[in-house]
Amino acid sequence: MDERLEKILVEKYPEFFIDHGGDMKDTCMAWGCSCGDGWFGLIDDACKLIKQTVEDARKRHQLLSHFNVKAAQIKEKWGSLTIYTDTSVCNIESVDIDSDTVKKMWELATPYQDRIAGYLSMAQVYSGRVCETCGNYGRIRGGGWFHCSCDLCHGLKESGCRDDLKMRSQLRVERILNYIEEEKRDNEEMF
Ligand SMILES: [Zn+2]
């Protein structure tokens, strides 16, 4: 993914992307988001819903005040967006809490984990309709290597027009960056 887009995600969701750019011996997030720019919006929305869910859990349950879900791996797999996460219920400083309390924490966390799993499934299924390169409506195409493309990007790929494909992806990035700026301006004007 374009590093400017990735920077936006990391700045917007610092807790979710805490391992971003970490050591490759420790985390797959060392490689960042291993997918095309066309899926930026899907990842952004999934992160937004995960953040809301984590905050909701922390607010409702005193025991879940350290509950967190972080990205373990974000990649394209079989033509779809696949996001793996790691969940924790307590921080390292609270290692002395007893096992019954930890059990209770996981029980409380389960419905929130389920909710997040639902969001990630939705993002995965829907990514099969979103061109990974340009974000237009697409479909998963097989033939040895599965990938989700719109007709135009698929045609460019098939005919080896790498530069044109790159250009489409760059245009997509510019558009997203413009929209984000516009949204920021609109919000400033509104409040
Ligand atoms: Zn496309």
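Description of the structure in this document. (Residues numbered from 1 in each chain as written. Predicted model: local features only at pLDDT ≥ 70, side-chain atom pairs only at ≥ 80, totals over all residues.)

### A word on the overall build of the chain
Working step 1: Broken down by element type, the chain carries five helices and five strands.
Working step 2: Referenced to the eigenvectors of the C-alpha coordinate spread, the extents of the chain come out at roughly 60 × 50 × 30 Å.
Working step 3: Classification of the 191 residues of the chain by burial places 29% in the buried group.
Working step 4: Looking at the chain alone, contacts between residues at least 24 apart form 60% of all its contacts between residues at least 6 apart. (Helix = DSSP H or I, 4+ residues; strand = E, 2+ residues; numbered from the N terminus. Buried ≥ 20, exposed ≤ 12 C-beta atoms within 10 Å, placed from the backbone. Contact = placed C-beta atoms within 7 Å.)

### Thoughts on the pairing of strand S3 (residues 80-88)
Working step 1: Where strand S2 (residues 68-77) meets S3, nine bridges bridge the pair, whose relative direction is antiparallel. When the bridges of S3 are listed, alanine 71 appears paired with threonine 85.
Working step 2: Here S2 folds back onto S3 in antiparallel fashion, the turn holding two residues, of which tryptophan 78 has a positive phi close to 50 degrees. (Pairing = 2+ DSSP bridges.)

### Thoughts on the sheet that holds S2
Working step 1: The strand order across the open sheet built from three strands is S1-S2-S3, with neighbouring strands paired in mixed fashion. Looking at the sheet topology across the chains shown, the edges are occupied by strand S1 (33-34) and S3.
Working step 2: Relative to the sheet, helix H3 (residues 99-127) contacts S2 and S3, its axis offset from that of S3 by approximately 165 degrees. (Axes fitted to C-alpha atoms, helices over the stretch in contact; angles between N-to-C directions.)

### Notes on the environment of valine 69
Working step 1: The topology assignment puts valine 69 in strand S2.
Working step 2: For valine 69, a count of 21 C-beta atoms within 10 Å translates into the label buried.
Working step 3: Those residues within four positions of valine 69 in sequence are excluded, and the remaining contacts are Phe16, Ile50, Val54, Thr85, Thr87 and Ile116.

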